[in-house]
Amino acid sequence: MENVNSAEVLSITHLTKTYGEKKAVDDLSLSIRAGEIYGFIGHNGAGKTTTLKSAVGILAFDAGEIRVNGISVKEDPLAVKREIAYIPDNPELYGYMTGIKYLNFIADVFRVPAEVREERIRKYAEAFGLTADLGQAISSYSHGMKQKLAVISAWIHAPKLVIMDEPFVGLDPRAAHTLKEMMRELCDEGGAIFFSTHVLEVAEKLCDKVAIIKGGKLIRSGTMEEVKGDESLEEVFLELEEDA
Amino acid sequence: MLKILLKKQMMEAFRGFFVNSKKNQRRAPKITVLLIALYAVLMVVVLGGMFSALSVGLCAPLAGAGILWLYFSILAMIALFLGVFGSVFNTFAGLYQGKDNDLLLSLPIPVRYILFARLLGVYLMGLMFSGVVLLPAWIIRLIAVDFTVGAFFGGLLLIVLISLLVFVISCLLGWVVAKITSKLKSKSFLTVLIALVGIVLYYVVYFKGVNIVEGLMNDPAGIDAAAIKGKALPFYLIGRVGEGDPFACLFVTAFVLIVVALTYLVLDRTFLKIATTPASSTKKQYREKRVAMRPLWLTALLREARHFTANAGYMLNLGLSTILCPALGIFLLVKGATLREVFLQFEGVSPDMIGMGLALIICLASSMNAIAAPSVSLEGKGIDVIRSLPVPTKTVLLAKAGNQVLFTLPAVLLTSLFGVIALRGTLSVSSVVFVFVVPALFTVFLSLYDLTLNLLTPNLHWTNEIAVIKQGLGIIVALLSGFALPSLMLVGVIFLPISAVWLGLIYSVTLLLPIIGLYFAVTTWGVEVFEKLS
């Protein structure tokens, strides 16, 4: 479902990022509108994480422009960060905090009022079955529990855009289902999701739009129908990988 | 295989010497050599210098009395104590709690190789601490007395044997400390408590030792060597090793080798089980509780404070002044009147000079807090979390310096208050002001300075937090300069022909100007450095 009339939440234009002599991202442009779940696929080292980190304001880039709700990441990174939430591929959360302290830390940073955060923590922790473990130190959490906590912390300030790097890795089927529901709910409420994944079946079922990146270059993007046509996303992806 | 592991272990421990973390590039070999040389000079000159002075004082009188073995016995005991004290609280984490445990154990590497590589880290740490005592002692003996083949090899053997004994005791005590604390709640605080008891014991032994040494230096002829030999044979034999006595060398070497072999055997048999058993913890029941929203600066500050208080090694290695300062204050309250009378007996010492001296002694006592010195490195791979949040980098960095101030300033001001109460009626109003102002400014200066050092030598790529807390050039420079600056200022109080009030003003301005400079450096250059770290 393409929301042509809805506002542009994320716009990346001519993004270029180099590491030494290697171009990790090369003249990449894409845009995401409110209500869209946008999948970002590509092989390892294709430039997905670099693009995501640049969009979040963690990585400085060499050329191009990234705007979130019209705000430039280069000019006002803090204002951009207030609008978004980011979940890295392997969340290195603060092991010295308990789960609840970490969530309160994030809520404090985003100025989430006490009663609102309380309600959200209750809602999402219950949805992920993490309530009983919130008093435990994060250092004792499994990878999946850390991932769940990272998701809850990302949703705690009701962001307009959630950027996630491989969010389904480590999640059990129930938690993965919960996350998918949360993603759809956020988009239905006018937010947007931009996430990378290697699980093409998930991308195919979940995403409104998809972009395929190879060697730092965007080789195809558009609505799911535009990208895959009558084939499966996996077939298209493999064909493009061979051709490009 | 073992060579690869050892290389990895050394690279981890001394990464700062080889890699520029800011640029993520390998340093030029010349820079690496320069940094290692600087590190060695700092260890040898400052720490070694202290023990060289002690060795010089002891060597000649004991050689004159014909009991040079006692010289080596005393210094070997000091080395043993310092070595064990310096490494015991890091041994367990260093041996068993590496973040790369799963990775290494999943690779086709014999477990004993992993153990050996880690034990080498423990051994080198002990060798470093015991070496700064025994190396100067050995050199001074050869210079001050005579150069014989026996004394040359005996002294060298003593250094090796003592470092091995340090290693054995550190492994055993480290294991005991870890076992005790693993059974308890509030592990970090209890570990600190146990360590503090150890520190008190250390100082009791140290001061008793100083008294004994002073007694020996005053009357070396009166020492009953036969009685010591009879009552404390191991003590005597260790001393004889330093003198190159063949029987003592053989006997002590055999004993130490047996003990090392036994220790290695025990560790080899238990390593895998301990390293792969998760720490027992009672599950804390989560109870929902409403918490008030905190301002951003406080949120950032509390994040740092939580990190500091969650790690016993962090508190013990870089936060001792929080306890040491009030202890000094209590000592002043108890002994203040006597000290004042003693000082005033010296010609030319004014009450205001005592005040200034007090201010600088408080600075010295506070200099063991270097909490900000590893704070950037401790972000580790989790640095992206804070960088993805809408927190200005300036706030993040100032929270790191602020955390050091938080854990130091209250202790410092309390000590100043106790000191002023102890010297009541003696100090002028201006002196009283400086007793508070100079240590407070020093605390702020040192916090920003330590943070700046870490921004100069960051290391986000560690597998154990203790590596960045305990090792690295930045930490050593932070601790040594924290000690050196007030020492120099104290020398100024004694030798500069300026009134104490003027000196107080000069020192206050001297501290204030770098504070302003460092603040601007941290909030401009430091922000850039932090944002580029990867």
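Within each chain, residues carry numbers counting from 1 in the order of the written sequence. Just so you know, chain letters begin at A and ligand numbers begin at 1, following the order they were written in. Totals for whole chains, interfaces and linings use every residue, but because this is a predicted model, local features are given only for residues with pLDDT of at least 70 and side-chain atom pairs only at 80 or more, for both listing and counting.

Mind showing me how you'd approach the overall build of chain B here?
Secondary structure summary: chain B contains 21 helices and two strands in total. Out of the 534 residues belonging to chain B, those deemed buried represent 44%. Considering only residue pairs separated by 6 or more positions, chain B has 87% of its internal contacts joining residues 24 or more positions apart. Strands are runs of DSSP state E lasting at least 2 residues, helices are runs of H or I lasting at least 4, and numbering of each runs from the N terminus. Here a residue counts as buried when 20 or more other C-beta atoms sit within 10 Å of its C-beta, as exposed when there are 12 or fewer, and as partly exposed otherwise, the C-beta atoms being derived from the backbone. A pair of residues counts as a contact when their C-beta atoms, built from backbone coordinates, are within 7 Å of each other.

It is not clear to me how the overall build of chain A should be interpreted in this structure. Could you clarify?
Scanning chain A from N- to C-terminus turns up nine helices and ten strands. A principal-axis box enclosing the C-alpha atoms of chain A has dimensions of 50 × 40 × 40 Å. By residue count, 52% of the 244 residues in chain A fall in the buried class. Here the contacts in chain A between residues at least 6 apart in sequence split such that 72% fall between residues at least 24 apart.

What is the right way to look at the interface of chain B and chain A in this model?
Interface size, as often reported, equals the accessible area lost upon joining of the parts. At the junction of the two partners, chain B supplies 29 residues and chain A supplies 29 residues. Contributions of two or more residues to the side of chain B that touches chain A are made by helix 12 (296-309) and helix 16 (383-387) of chain B. Tallying contributions element by element places helix 12 of chain B first for the side of chain B that touches chain A, with five residues. Residues are sorted three ways: Asp, Glu, Lys and Arg are charged, Ala, Val, Leu, Ile, Met, Phe, Trp, Tyr, Cys and Pro are nonpolar, and all the rest, Gly among them, are polar. Tallied by class, the residues present in the side of chain B that touches chain A amount to eleven nonpolar, eight polar and ten charged.

Just checking my understanding: could you explain the pairing of strand 9 (residues 209-214) of chain A for this structure?
Side-chain positions along a regular strand alternate between the two faces of the sheet. All names here are of chain A. When you tally the buried positions in strand 9, you get five out of six residues, the bulk of the element. DSSP calls a pair of strands paired once it identifies at least 2 bridges connecting them. Relative to strand 9, strand 3 (residues 37-41) is paired through four bridges, and the arrangement is parallel. When the sheet's bridge partners are listed, Gly39 is paired in strand 9 with Val210. Relative to strand 10 (residues 217-223), strand 9 runs antiparallel, the two being bridged by six bridges. Within strand 10, the residue paired with Ala211 across the bridge is Ser221. The hairpin formed by strand 9 and strand 10 contains two residues between the paired strands, and Gly215 there has a positive phi angle of roughly 55°.

I tried to follow the packing of helix 6 (residues 111-144) of chain B against helix 11 (residues 246-276) of chain B on my own but got confused; where do I start?
Each pair of packed helices can be summarised by the angle the axes make with each other and by the distance between the axes. Residue and element names in this part refer to chain B. Relative orientation of the contacting elements helix 6 and helix 11 amounts to 105°, with a least axis distance of 10 Å. Looking at the two axes, helix 6 sits roughly perpendicular to helix 11. Within the contact between the two elements, helix 6 uses Val111, Arg112 and Leu115 and helix 11 uses Leu267, Asp268, Phe271 and Leu272. For the contact of helix 6 with helix 11, the class distribution of residues is five nonpolar, no polar and two charged. Between N-to-C directions, angles cover 0 to 180 degrees, with each direction set by a line fitted to C-alpha atoms, over the stretch in contact for helices. Oblique is the label for any angle not under 35 degrees, not over 145, and not in the 65 to 115 range, which are roughly parallel, roughly antiparallel and roughly perpendicular in turn.

Quick question: what am I supposed to make of helix 4 (residues 114-128) of chain A here?
For an α-helix, 3.6 residues make a turn, and residues three or four places apart therefore share a direction. All names here are of chain A. In this scheme, a helix's expected span is set at 1.5 Å multiplied by one less than its residue total. Here helix 4 spans 21 Å end to end across 15 residues, near enough to the 21 Å set by a 1.5 Å rise per residue. Residues of helix 4 that are buried sit in contact with helix 3 (99-109), helix 5 (143-155) and helix 6 (173-188). One or two steps after helix 4, the chain reaches Gly129, where phi turns positive at roughly 65°.

How should the pairing of strand 3 of chain A be read in this particular structure?
Residues and elements named next belong to chain A. Judged by how many residues are buried, strand 3 sits mostly within the fold: five of five residues are covered. Alternating residues of strand 3 divide into Ile37, Gly39 and Ile41 and Tyr38 and Phe40, and every residue in both groups is buried. Bridge count between strand 3 and strand 8 (residues 192-196): four bridges; the pairing is parallel. Among the inter-strand pairings, Phe40 is bridged to a residue of strand 8, identified as Ser196.

Explanation requested: the sheet that holds strand 10 of chain A in the structure shown.
Two pairing modes exist for strands in a sheet, parallel and antiparallel, and in both the strands are linked by backbone hydrogen bonds. Residue and element names in this part refer to chain A. The sheet built from six strands is open, its strands ordered 6-7-8-3-9-10 with mixed pairing. Either end of the sheet is taken by a strand with one partner, and the two such strands are strand 6 (84-87) and strand 10. Within this sheet the neighbouring strands show an average axis-to-axis angle of 15°, counted without direction. Along the sheet, helix 1 (residues 48-56) makes contact with strand 3, strand 6, strand 7 (161-165), strand 8 and strand 9, crossing strand 7 at roughly 150°.

Looking at this structure, how should I read the confidence of the model for chain A?
Parts of the model with low pLDDT should not have their predicted coordinates read in detail. Chain-level pLDDT for chain A is 90 on average; 97% of the residues reach the 70-or-more range. Mean pLDDT in chain A bottoms out at helix 9 (residues 233-243) of chain A, which sits at 78, and peaks at strand 8 of chain A, which reaches 96. Values of pLDDT, ranging from 0 to 100, describe the predictor's confidence in every residue of the model.

What is the right way to read the sheet that holds strand 4 (residues 63-68) of chain A from this model?
All names here are of chain A. An order of 2-1-4-5 is seen for the four strands of this open sheet, with the pairing classed as antiparallel. The open sheet terminates on both sides in strands that have one partner only, identified here as strand 2 (22-33) and strand 5 (71-72). Across eight bridges, strand 1 (residues 8-19) lies against strand 2 in antiparallel orientation. Pairing of Thr18 across the sheet is with Lys23, part of strand 2. Sitting on the sheet, helix 1 is in contact with strand 1, strand 2 and strand 4, with an inclination near 120° to strand 1.

Looking at this model, I keep getting lost on helix 15 (residues 351-366) of chain B. Mind explaining?
Residues and elements named next belong to chain B. Taking 1.5 Å per residue, 16 residues should reach 22 Å; helix 15 reaches 23 Å between its end C-alpha atoms and fits that length. The element helix 15 is extensively covered by neighbouring structure, given that twelve of its 16 residues are classed as buried. Along helix 15, the positions that sit buried rather than exposed are Asp352, Ile354, Gly355, Met356, Leu358, Ala359, Leu360, Ile362, Cys363, Leu364, Ala365 and Ser366. The elements touched by buried residues of helix 15 are helix 14 (321-344), helix 17 (393-422), helix 18 (429-456), helix 20 (473-495) and helix 21 (500-532).

What am I meant to see in the nonpolar core here?
Note that soluble globular proteins tend to have their nonpolar side chains buried in a common cluster. Of all hydrophobic cores here, the largest spans 227 residues; its most connected members are Ile152, Ile163, Ile193 and Phe194 of chain A together with Leu75, Leu134 and Ile162 of chain B. With 18 residues, the single largest contributor to this core is helix 4 (residues 68-96) of chain B. Among residues more than four places away in sequence, those in contact with Ile162 of chain B are Ala76, Ala79, Leu80, Ser130 and Leu134 of chain B. For this analysis, nonpolar core means a set of buried Ala, Val, Leu, Ile, Met, Phe, Trp, Tyr and Cys residues linked through C-beta atoms within 7 Å.

Would you take a moment to explain the packing of helix 14 of chain B against helix 17 of chain B for this structure?
Residues and elements named next belong to chain B. Where helix 14 contacts helix 17, the two axes come as close as 8 Å, and the packing angle between them is 5°. Comparing their axes, helix 17 and helix 14 come out roughly parallel. Residues Ser321, Thr322, Cys325, Pro326, Leu328, Gly329, Ile330, Leu332, Leu333 and Gly336 of helix 14 lie in contact with helix 17, whose contacting residues are Phe407, Thr408, Ala411, Val412, Leu414, Thr415, Phe418, Gly419, Ile421 and Ala422. Here the residues of the contact of helix 14 with helix 17 are counted per class, giving 13 nonpolar, seven polar and no charged.

How should the confidence of the model for chain B be read in this particular structure?
Of all residues in chain B, 88% attain a pLDDT of 70 or more, and the chain-wide mean is 84. Per-residue pLDDT, averaged within each element of chain B, yields its smallest value for helix 8 (residues 187-218) of chain B (68) and its largest for helix 17 of chain B (96).

Even after reading the chapter, I still don't get unusual backbone geometry, so can you show me in this structure?
A negative phi angle characterises most non-glycine residues, just as the trans form characterises most peptide bonds. Residue and element names in this part refer to chain A. Even without a glycine there, the phi angle at Asn69 is positive, about 50°. The topology assignment puts Asn69 in the loop between strand 4 and strand 5. A positive phi angle, near 50°, is found at Glu166, a position not held by glycine. Residue position: Glu166 is located in the loop between strand 7 and helix 6.

Is there a simple way to think about the environment of Gly94 of chain B in this case?
All names here are of chain B. Summarising the element assignment, Gly94 is placed in helix 4. For the pair Gly94 and Glu465, spaced 371 residues apart in the sequence, the C-alpha separation amounts to 9.3 Å. In contact with Gly94, other than residues within four places in its own chain, are Arg118, Gly121, Val122, Asn464 and Ile466.

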